[in-house]
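Descriptive structure summary
Below, each chain spelled out in residue letters.
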Amino acid sequence: MNNDELVKTAQAMMASGKGLLAMDESNPTCNRRFAALNIPQTPEMRRAYRDLIVMTPGLGDCISGAILFDETIRQKTNNGTEFAEALQQAHIIPGIKVDLGARELAAFPGEKITEGLDGLATRVREYVKMGARFAKWRAVITIGNGIPTAGCIDANAHMLARYAAICQDGGLVPIVEPEVLMDGSHDLARCAAVTAEVLHAVFDQLYLQRVILEATILKPNMVLAGLSCPDQPGVDQVADATVTCLLRNVPAAVGGIAFLSGGQPAQSASSRLNAMNVRWASKMPWPLTFSFSRAIQKPALDIWAGKEANVPAAQQALLHRARCNSQARQGRYKPELEKPVL
Ligand code: 13P
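So, here is what we can say about the structure in this document.

What counts and what doesn't
- Residues numbered from 1 in each chain as written.
- Predicted model: local features only at pLDDT ≥ 70, side-chain atom pairs only at ≥ 80, totals over all residues.
- Heavy atoms only, no water.
- Near = heavy atom within 4 Å.
- Polar contact = N/O pair within 3.5 Å; in protein donor to acceptor, adjacent residues only side chain to side chain.
- Helix = DSSP H or I, 4+ residues; strand = E, 2+ residues; numbered from the N terminus.
- Nonpolar A, V, L, I, M, F, W, Y, C, P; charged D, E, K, R; others polar.
- Pairing = 2+ DSSP bridges.
- Contact = heavy atoms within 4.5 Å.
- Axes fitted to C-alpha atoms, helices over the stretch in contact; angles between N-to-C directions.
- Expected span 1.5 Å × (residues − 1).
- Buried < 20%, exposed > 50% of the residue type's maximum accessible area, 1.4 Å probe, protein only.
- Phe/Tyr/Trp six-rings, centres within 6.5 Å; stacked < 30°, edge-to-face > 60°.
- Parallel < 35°, antiparallel > 145°, perpendicular 65-115°, else oblique.
- Left-handed = near helix turned anticlockwise from the far one by under 90°.

Here we look at the site of the ligand
The immediate surroundings of the ligand are formed by 13 residues, with Lys-136, Lys-219, Ser-261, Gly-262 and Arg-294 found nearest. Separating an oxygen atom of the ligand from a side-chain N or O atom of Lys-136 is a distance of 2.5 Å. Here an oxygen atom of the ligand sits 3.0 Å away from a polar atom, N or O, in the side chain of Glu-177. Residue assignment for the shell around the ligand shows that the elements contributing at least two residues are strand S6 (134–141) and strand S10 (288–292). Its residues assigned to classes, the shell around the ligand shows 3 nonpolar, 4 polar and 6 charged.

This is the structure:
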């Protein structure tokens, strides 16, 4: 694949009024969410849940691309269509999570490194044949006492850049996701400082590894106070801290920015994304949208609860959150859009 096609795919992922849907929870993560709702943790239930999502009528009006897990891209919808093909039929670009998860970083207690570079070029070739057009790799950075260390940030940044270069070489647009976690009691300023340091290291490494920025999507955390910080900032404060941090550390050439939700309440994620697009629209060199998993899926998963009869109501809830975030991506979201039942 040539670079022009990669750039075109990145642009299509950032299509006006749309965002990305992360539905690539690994089996352990998906099983944990199922277990909390007493849903059987089987390949068939995971498939049925992904069928519910992909077959939601109208999803392609708000969602430009969906990220699948390895198990899902090998499964079929209820009507026997491969998931990647079903997404294309819904005008949604299929993507694939290619990292193999975060593990303890040797010699750095409390910190993690994401694995999956071994054999990646071969897997990328296989995923392209299966219809995937973009990929995702998530690195995890924890804020705590004396962490993150430079050792952890640099190791993760290097892996992200090697992954991105391998994907572009094989024909996939890389989503580069360095997630600074919300867990902890740190304040907004500390999250801003750590996010800046991480982004700086990531773009240094992307440059060194010759990654084409125009064919790369950044998936960052929003700049937030830690979950247990007593001083919680307002929506506009989060929007300003986040965009300021991005403007200082993300080159203008990057194809687009699509946030993770990180466990924020669904409506907060929409309000904060909206505020960024309202307050900073004229200053931003890149499109700013969403690549949420929990902030789109959670209400739908709660309603579905593993029961066939609940599928239509769950699909409605999913579409509702996708529409709210589509509005937020355009700076048109209003809390009144939220229906009381959701
Ligand atoms: P959340 O939106 O639930 O944080 O998930 C996004 C994601 O894809 C994590 O890798």
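Some remarks on the sheet that holds strand S1 (residues 19–23)
Strand order around the closed barrel formed by 8 strands is S1-S2-S3-S6-S7-S8-S9-S10, with parallel pairing between neighbours. By the bridge criterion, 5 bridges tie S1 to strand S2 (residues 63–68) in an arrangement that is parallel. Counted as the bridge partner of Gly-19 is Ile-63 from S2. Each of strand S9 (256–259) and S10 touches helix H10 (residues 266–279); the most contacted strand, S10, lies at about 160° to it.

Quick word on helix H8 (residues 188–208)
Over its 21 residues, H8 extends 30 Å from the first C-alpha to the last, a length consistent with the 30 Å expected when each residue adds 1.5 Å. All of the buried residues in H8 are Leu-188, Cys-191, Val-194, Thr-195, Val-198, Leu-199, Ala-201, Val-202, Phe-203, Gln-205 and Leu-206. For H8, the elements touching its buried residues are S6, helix H7 (150–170), strand S7 (173–180), strand S8 (217–218) and helix H9 (235–249). The first or second residue beyond H8 is Arg-210, which carries a positive phi of 65°.

Some points on the packing of aromatic side chains
Scanning all chains against the criterion turns up 5 aromatic pairs. For the pair Phe-34 and Tyr-49, a centre-to-centre distance of 5.8 Å together with 80° between the ring planes defines the contact as edge-to-face. In this pair, Phe-34 sits in helix H2 (residues 27–36) while Tyr-49 sits in helix H3 (residues 43–54), placing the two residues 15 residues apart along the sequence. Like Phe-34, the residue Tyr-49 is buried in the burial classification. For the ring pair Phe-290 and Phe-292, a centre distance of 5.6 Å and an interplane angle of 40° mean the geometry is tilted. Phe-292 shares its class with Phe-290; the two are buried.

Re unusual backbone geometry
That bond from Ile-147 to Pro-148 is cis: its omega, 10°, falls within 30 degrees of zero. Note on placement: Pro-148 falls in the loop between S6 and H7. Positioned with a positive phi, His-91 is a non-glycine residue whose angle comes to about 60°. Counting through the fold element by element, His-91 comes out in the loop between helix H5 (83–89) and strand S3 (93–97). Within the chain, Ala-305 stands out as a residue other than glycine whose phi angle is a positive 50°.

Brief notes about the packing of helix H6 (residues 120–129) against H7
Across the interface, H6 lies against H7 with an axial gap of 9 Å and an inter-helix angle of 45°. Relative to H7, the element H6 is oriented oblique. For H6 against H7, the interelement crossing comes out right-handed. Packed against H6, whose contacting residues are Leu-120, Ala-121, Val-124 and Val-128, the element H7 presents Tyr-163, Ile-166, Cys-167 and Gly-170 at the interface. Looking at the contact of H6 with H7, its residues break down into 7 nonpolar, 1 polar and no charged.

Remember, this is a structural readout, not a statement about activity or role.
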